[in-house]
Structures are given as C-alpha cells and as structure tokens.
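Below are the chains, spelled out letter by letter.
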Amino acid sequence: METAATKIPLGGQSTASRSISVSQRELDSRRATGGDERSWGRDLRFRLLLTDALVIGASVVLAQILWLELPGHHVLVAGLGIPYTAVTAVLGFVWLIALGTNQSRSVPMLGSGTDEYRRVIEATFSVFGLFAACAMLLKIDLARGLLAVALPLGLFALLATRHLWRLWLRGQRSLGAYSERALLVGRTADVAFVAERILKAPDAGYRLVGAAISAAQGENEASSLSIGRAHSIPVIADPDNIVEAVNRHNIDAVIIAGTDESRTALRELGWALGETGTVLVVASNVGDISGPRINWRPVEGLPLMRISLPAFEGSKYILKRAFDVLTTGVGLLCVLPLMLLVAIAIRLDSAGPVFFRQERIGLNGKPFWILKFRSMYTDADKDVAGVLDSGMRVFYKAKCDPRITKVGAFIRKYSLDELPQLWNVLRGDMSLVGPRPQINEEVALYDSAMNRRLLVKPGITGLWQVSGRSDLDLNESVRLDLYYTENWSLAGDLTIIMRTVRAVAKGSGAY
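Summarised in this report is the structure supplied together with it. (Residues numbered from 1 in each chain as written. Predicted model: local features only at pLDDT ≥ 70, side-chain atom pairs only at ≥ 80, totals over all residues. Heavy atoms only, no water.)

### Comments concerning the overall build of the chain
At step 1: If you tally the helices and strands in the chain, you get 14 helices and 14 strands.
At step 2: Classification of the 511 residues of the chain by burial places 43% in the buried group.
At step 3: For the chain, contacts bridging at least 24 residues in sequence account for 71% of all contacts bridging at least 6. (Helix = DSSP H or I, 4+ residues; strand = E, 2+ residues; numbered from the N terminus. Buried < 20%, exposed > 50% of the residue type's maximum accessible area, 1.4 Å probe, protein only. Contact = heavy atoms within 4.5 Å.)

Next up, the structure:
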C-alpha cells in the first residue's frame, strides 16, 4: 500500500493549483539507485584514489632513493631518531589524505575547468608547507632535499595522470557515459539558453534527458524544445510533477534555469529531491563570470553572491609577464629549426620576403608591428576589399582567399605562420595568451563591449582560437574574448596553451 504523497508548491502560485507528488514506493526505488553515489561515481573516485596513491608512493620512494638511499636502510632523522622510511611513509599518507579533504576527487570537479588542478596544487603545497613548518618549529634536521625532490616530481606526475584521466573521462562522456542525467526546469527561453550551453560542453558531465517547461502562454504544450539548429530535447514534465519525472526517468540532477521560482518553492523542492538522492542545481542569471571572482557570504540565512571587479594590473600581471618571457625564450630555442624550414619553403614557393609586418592595435589601443611568416602573395594586404563582399567587418576571414599561396595555406592550417610572434611576446607587445590583435580598420568598428578586448595584451592564442577558431560566429568570438579579458588566470592560460596544441594538430577552423 502506498503512503501519503510528498507535495511541493512551485512558481509562486497556490499550493492547490500547483503541486508535485510522488509515492513512498517511488522514493524507495529512487534511493536504491542513488544520484551522485551511483556506481560510476564511486568507480571513478576509486580509480583516482588508486592512481594518486601509486603516484605519491612512487614519488616519495624515488625522492628518498635520489636524495638518501634505498628504503629500508635505517638512516635516522636528526632530532627524532626514527628512520627516514617512516617519515616518507607519513608524508605520502598525509599527501593522499589532503587530496581527498580538499575534494580534488569530487565528481563535480572532474572533466572540465581548472578547479580540479587547482585543488591538487593547493593540497600538495599545503602538505609540504606543513612538513617544513613542523621541522622548523620542532628543530628537526629534516633533509630538505627530500622535500625539494618529492614536491615537483609528485606534483607533475599527479597533474599528468589527472589530465590523462580527464581525457579518458571526456571520451566516455562524449558517448553518454559517466554523466549525470539532468532535467532542466524553467521557462522556454531560459531552458533553451542553459541547454545550449550544456550541449556545447559535454565534458561538464550533464546528459540532458528532458525539460519541465513552466506553464506560460502554452509553452508546455510542445512535445520537444528545439535547441539551436541541430538539437532538441523532449518536454517530459511540467513544474507540477518534477519529483515524479525524476523517479520515472531516473534523473540525477535537476537544473533550475533562471530564478523565477520563490525561495520557499526552491527550498521545498530541494527537500523533496534530497529524499530521492537527486541534486538541485540553480543556473545563475549572472553569466560569463569565473568562479574565483564569485564569493558566497551568508547574511542571516540569506546567501549573498559577491562578484569581484576584474583587475587589469597588479602582481598577477607581473607573474603573467614572467611566465611569457620564460616560456617564450625556451620556446624560441625549440622551434628555431622548424622556423628555418618554413622560411626556406616560403622562399621556394613564391617571390617576396619571408616575413610579413603589419600594424595592429594592442594594449589600451596602442599600435605595434606584428611579425608573421608571409602566407599570401606580396602586397596582398592592400587588396582586402577584393575578397570582402560586404565591406570591412570585425574578425573578417575568407575561406577561399585567392591571395594565399600553397605554402601559406599549409602554414595557416597548422598556425605555423604565427611562430615569429614569439618575438612580439619577448618585446612585450603581446602575450602568449590573449585576444587576437586586429588592424585599426577593424578596431574602429568596435562597440563599447568589444573595446574591453583592449584592456589586456593581445595574444598568439586565445580562448576562441581553441573553441572553434574561425568557424565561430562574431557574437561567440567576442563573448569568449570578453570572458577571458575579465576572468583570466595563469592556470587558465596553461589550459589554453595545452588546448592550442590539440586544436593546431587537428587543423580545423583555420583559413
């Protein structure tokens, strides 16, 4: 026999007119299958735990071998009288625990973004800082070389293995596995907006099962909702029967698109979903702001979201410049042979100089001369109007540009024509990562939003270059550039550089 149903009012209307109900038998069935604690989540965390343990164990043992001697020999720690093997064992154990307590293996952190890497780095440095502080305070003569070897060795191996697992997880999620089955709830426009973003990021770990459309102007009468040009999701419920749909379709996450619902409705929905093992996710109306700029502060039970203003100077920009100089200096030495081969190919292919110089607009609107390998016939830049059918426009690119040489088409496809810009980075005109610099005629067409691209140094590569390159439309390219301008981080730059290697190897979207 079924017990009394659970009822939750939604949407600010009366409880009698809008409620959702689910039987106790359905709740029991849902609990048995589990939400985030499904077998795939436990399996993934166990794999990461096992890999972390192997990496940490190998790192501390190798550090002891390199700095001291083989484990098992009783080299004593001065001041304690215990073997170093015991110290390295404790170090490895605390390190492994710190990765767990810092939630670096939490399922929502895995697969996308830089938060997973940041948590690994934070946990690692906190452990080594703790050991160094304890040794100093207790006046223990601990071999500092042991920590100096284990830290970079272990951190590099942890990040490398996490990246390999991420590649594997993205492959699984592209096939629909290792993902949370999600139900989108809200008005049609809000649901469509959030769905489009999720569909563009399958590695985020959400698989859209359907939508629950709010009743307004007949919106919930459609059987499916079109998303963009190539996707659609079925409308499987309305806000009156969310929990029933959760149990019927085995939903792992309910995503509220927009914030039209009242606080009471969201709270009571959260209670009901808590009984089913399903998580509640609220998509904020505040978009294009990265996590580090958002801080939550509770005031008398009211969570206030504080958004920090973007900063365009200071210590992190000094660090960015130091990273650019160091990486570019090493990079130039590595690619000099390749640049020589490209230069020879250009000279053999067509008459004219090897390099192409053009004035571009950089930081704060300051012009500079950009350096590239020539990929077009000589003086081709003077015939821009001949390849544009609608006049000058921002981010103009012609897929079949007759001005490009044979060698030019090849070096453009794999972005080899950009290699001389490493010199622009050393000079300080550009950065490795940033919005692409444009000519003055394009900048003259900027609106107030696009002018914010000039608040940071232009880059050789950037966020939109690794998100589709020239295949993106204007609005998406500008959105990605503005997101980078206001939310960049050194960890994000490293991620973009790694993604650039993959995008260049594929050669798609470049012309």
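### Focus: the environment of asparagine 451
At step 1: Mapping asparagine 451 onto the fold places it in the loop between helix H12 (440–443) and strand E14 (459–461).
At step 2: Of the residues examined, asparagine 451 reaches a relative accessible area of 35% and is grouped as partly exposed.

### Let's talk about the packing of helix H3 (residues 84–101) against helix H4 (residues 115–137)
At step 1: The contact between H3 and H4 brings their axes to 9 Å, and the two run at 145°. Of the two elements, H3 crosses H4, and the hand of that crossing is right-handed. On H4, the residues touching Val87, Val90, Leu91, Val94, Trp95, Ala98 and Leu99 of H3 are Val120, Ala123, Thr124, Val127, Phe128 and Phe131.
At step 2: The class makeup of the residues in the contact of H3 with H4 is twelve nonpolar, one polar and no charged. (Axes fitted to C-alpha atoms, helices over the stretch in contact; angles between N-to-C directions. Left-handed = near helix turned anticlockwise from the far one by under 90°. Nonpolar A, V, L, I, M, F, W, Y, C, P; charged D, E, K, R; others polar.)

### Describing the pattern of salt bridges
At step 1: Taken as a whole, this structure holds 18 salt bridges when the rule is applied.
At step 2: With a closest N to O distance of 2.2 Å, arginine 118 and aspartate 115 form a salt bridge. Pair noted here: arginine 118 and aspartate 115 are both in helix H4, with a separation of three residues, about one helical turn.
At step 3: Residue arginine 118 is classed as partly exposed on the basis of its relative accessible area of 37%.
At step 4: The closest approach of N and O atoms between glutamate 418 and lysine 372, which form a salt bridge, is 3.9 Å. Of this pair, glutamate 418 sits in the loop between helix H10 (406–413) and helix H11 (421–427) while lysine 372 sits in strand E12 (residues 367–373); the two residues are 46 residues apart in sequence, bridging distant segments of the chain. For the pair glutamate 418 and lysine 372, a shared accessibility class is recorded, and that class is buried.
At step 5: Within this structure, Asp52, Arg105, Glu116, Arg162 and Arg166 form a network of salt bridges that share partners. (Salt bridge = Lys/Arg side-chain N within 4 Å of Asp/Glu carboxyl O.)

### Considering the packing of aromatic side chains
At step 1: Per the stated rule, a full pass over the model turns up seven aromatic pairs.
At step 2: Ring geometry for tryptophan 95 and phenylalanine 128: centres 5.1 Å apart, planes at 90°, overall edge-to-face. Of this pair, tryptophan 95 sits in helix H3 while phenylalanine 128 is found in helix H4, placing the two residues 33 residues apart along the sequence.
At step 3: For tryptophan 95, a relative accessible area of 0% gives the class buried.
At step 4: Where tryptophan 168 meets tyrosine 178, the ring centres are 5.0 Å apart and the plane angle is 75°; that geometry is what we call edge-to-face. Of this pair, tryptophan 168 sits in helix H5 (residues 144–174) while tyrosine 178 is found in the loop between H5 and strand E3 (180–186), placing the two residues ten residues apart along the sequence.
At step 5: Accessibility expressed as a relative area gives 27% for tryptophan 168, which makes it partly exposed.
At step 6: Just above the ring of tryptophan 488 sits the side chain of lysine 320; from NZ or CZ to the centre is 4.6 Å.
At step 7: Above the face of the tryptophan 369 ring, arginine 357 is positioned so that its terminal group lies 4.7 Å from the ring centre. (Phe/Tyr/Trp six-rings, centres within 6.5 Å; stacked < 30°, edge-to-face > 60°. Lys NZ or Arg CZ within 6 Å of the ring centre and 35° of its normal.)

### A few points about empty space enclosed by the protein
At step 1: Evaluation of the coordinates by the stated rule reveals two cavities of 30 Å³ or more.
At step 2: For the largest cavity, the calculated volume is near 60 Å³.
At step 3: Lining the largest cavity we find 13 residues, and of these Ile361, Arg436, Arg453, Leu454 and Pro458 sit closest to its centre.
At step 4: Space inside the second largest cavity adds up to approximately 50 Å³. (1 Å grid on protein atoms, 1.4 Å probe; cavity = no way out; pocket = protein on both sides within 12 Å on 5 of 7 lines; lining within 4 Å. Points joined across faces, edges and corners; volume = space filled by probe spheres on them.)

### Observations regarding the packing of helix H9 (residues 315–349) against H10
At step 1: Where H9 contacts H10, the two axes come as close as 8 Å, and the packing angle between them is 150°. As the angle between them shows, H9 and H10 are arranged roughly antiparallel. Taking contact as the criterion, the partners of Val342, Ala345, Ile346 and Asp349 in H9 are, on H10, Lys406, Val407 and Ile411.
At step 2: Broken down by class, the residue content of the contact of H9 with H10 amounts to five nonpolar, no polar and two charged. (Parallel < 35°, antiparallel > 145°, perpendicular 65-115°, else oblique.)

### Here's the deal with the environment of glycine 462
At step 1: Following the sequence through the fold, glycine 462 ends up in the loop between E14 and helix H13 (474–487).
At step 2: As for glycine 462 and aspartate 493, which are separated by 31 residues in sequence, their C-alpha atoms are 8.5 Å apart.
At step 3: In this view, glycine 462 contacts Val433, Gly434 and Ile496; residues no more than four positions away in its chain are not counted.

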